[in-house]
Amino acid sequence: MSPAADAPNAIEVRDLTKVYRVFQKREGLAASLKSLFHREYKTVTAVGGVSFSIRQGEMVAFLGPNGAGKTTTLKLLSGLIYPTSGTATALGFTPWQREIAYRRRFSLVMGQKNQLWWDLPAQESFRLHEAIYHIEPDIFQRRLDELSDLLEVRKLVNQPVRELSLGERMRMELIAALLHSPDLLLLDEPTIGLDVVSQRKVQEFLKHYQREQQITVLLTSHYMKDVEALCERAVIINQGLIQHDGPLATIVGRFSQTKIIELQFASELPASTELERFGTVFDIKSPRLKLRIPRGEVAQTLTALLSRYEIEDVSVQDRPLEEVIAEVFQQEAAATH
Ligand SMILES: Nc1ncnc2c1ncn2[C@@H]1O[C@H](COP(=O)(O)OP(=O)(O)OP(=O)(O)O)[C@@H](O)[C@H]1O
Ligand SMILES: [Mg+2]
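This structure is a prediction, so every number in the text was calculated from the model and none was measured. (Residues numbered from 1 in each chain as written. Chains lettered and ligands numbered in written order. Predicted model: local features only at pLDDT ≥ 70, side-chain atom pairs only at ≥ 80, totals over all residues. Heavy atoms only, no water.)

Draft legend 1. A look at the nonpolar core. The biggest cluster of nonpolar side chains holds 51 residues, and the ones touching the most others in it are Leu 63, Phe 126, Met 172, Ile 175, Leu 185 and Leu 206. Here the element with the most residues in this core is helix α6 (residues 166-178); it accounts for seven residues. Setting aside residues no more than four positions away along its own chain, Phe 126 makes contact with Leu 116, Phe 140, Leu 144, Val 157, Met 172, Ile 175, Ala 176 and Leu 179. Among the nonpolar cores identified, the runner-up in size contains 29 residues, and Leu 16, Val 47, Phe 62 and Leu 74 belong to it. (Core = buried A, V, L, I, M, F, W, Y, C linked by side-chain atoms within 4.5 Å. Buried < 20%, exposed > 50% of the residue type's maximum accessible area, 1.4 Å probe, protein only. Helix = DSSP H or I, 4+ residues; strand = E, 2+ residues; numbered from the N terminus. Contact = heavy atoms within 4.5 Å.)

Draft legend 2. A look at the environment of Ile 215. Position of Ile 215 among the secondary structure elements: in the loop between α7 (196-213) and β7 (216-220). For the pair formed by Ile 215 and Pro 8, sequence separation is 207 residues and the distance between their alpha carbons is 13 Å. Once residues within four sequence positions are removed from consideration, Ile 215 is found in contact with Gly 57, Glu 58, Pro 182, Asp 183, Leu 185, Tyr 209 and Gln 210.

Draft legend 3. Geometry of helix α2 (residues 70-77). The buried count for α2 comes to six of eight residues, which makes it a mostly enclosed element. All buried positions along α2 are accounted for by Lys 70, Thr 72, Thr 73, Leu 74, Leu 76 and Leu 77. Gly 79 sits one or two residues past α2 and shows a positive phi near 75°.

Draft legend 4. Structural view of the site of ligand 1. Taken together, 13 residues lie around ligand 1, and Asn 66, Gly 67, Lys 70, Thr 71 and Thr 72 are the ones closest in. Contact distances for ligand 1 include 2.7 Å between an oxygen atom and a side-chain N or O atom of Lys 70. In isolation ligand 1 has 640 Å² of accessible area, and contact with the protein removes 65% of it. Of all the secondary structure elements, the ones that give two or more residues to the shell around ligand 1 are β2 (40-55) and α2. Among the elements that line the shell around ligand 1, the one with the most residues is α2, at three residues. (Near = heavy atom within 4 Å. Polar contact = N/O pair within 3.5 Å; in protein donor to acceptor, adjacent residues only side chain to side chain. Areas by Shrake-Rupley, 256 points an atom, 1.4 Å probe, with all protein chains shown as cover.)

Shown next as C-alpha cells:
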C-alpha cells in the first residue's frame, strides 16, 4: 500500500557524497619501505552526490550492483559514518549528529552482520535493548511476544544465538531491531543467504508489519523476489549515482523492450522452427511454451497465433524483474565505459 501523496518526507537526501581515502600499498620490499614514508592514497567515491526523498510510510527498494554505494548510503542515514559533503535528514534529524532522540526512532538491520550476542540467547540481547531504549517492562514483554509469534521463533528465544539456523537468527535480528517500535527501518540485504522458505517468511513478516505499523522502510536486496513482494518503488544506484527512481512497473516498462507470451496448445506443439517466426521460443514444456516478442507486437502476434493454431490458454507477461534490472545495470555500465 502506498502512503498518501501528500505524506511528509521521512528521508530527504541532497547531493550526498562519501569519498573514501584508501591507502595504496605497492608491491615489493623497496616500494613497501618507501611507502612507509610516502604514503600514497587513492580516493574511492562510494556515493557521488545522490538526491532522493522517501515519504513517511513508504517502502522503497534501493537497488544496484555490487559496490554501487547502497550500504554506504544506509550507513550515512544511520549516522555510522560522516559524509564528505551534502545533506540528509531522516525523521527531521541529521543522522551523523547521532542524537539519542533519532536513535530511538530508527533501526538498521544488516543481513551480513550479526548484531546479537553470539554466545547468549537472543532474549539476553533483547533485554539489553530494553535497557538501552528505556522500554517499559510490560510494553517490552508485549512486543516481544507479538514479534516472536509473528516470526515463529517464540520457542527459540532462550537458545544461544550460535545454535540457531541463519533464517532463525535473521528473524531474531528483526525482533531486536523492532522492539523499540522504530518509525524508520533501514534494511541492508535482510534475506541474504536464506533458503527460499525463510526468505518468504521474512518477506511476509515485513509486508504485514509495515502495513500494520505504517513505518518507513528502505530496503536493499539482490533478490528481486523481495523487491517484487514488498516495494512499489525502486531507487536504482550505480557507481555512486542515482540512475533511476520510480515505480517498479515503470522501470520494467521503460527498460524492457520485450514481453513474454505463454501459450498452451490444445494438442501437439507445432515445430519450434514454425513458431520462431513470431519470436524467441523458450521454456518448452509440451503442450506449453513461451515466446519472447517485441513489446509493440503483442496484439498482432496474438491474433496471428490464435487464427493459425488451436490454443487453449494464453497469458501475456512482463519479463521477470530480475532480468530487467540486470539489463539496466549492464546498460548503465556499458554507457559509462
Ligand atoms: N570503508 C571503506 N573504505 C574504502 N572504500 C570503501 C569502504 N566502504 C565501501 N567502500 C567502497 O565504496 C564503494 C561502495 O560500497 P558499498 O558497500 O556502499 O556498495 P554496495 O552497493 O553496498 O555493494 P554490495 O551490493 O556489494 O553490498 C565500493 O567501491 C567499496 O569498495
Ligand atoms: Mg552492500
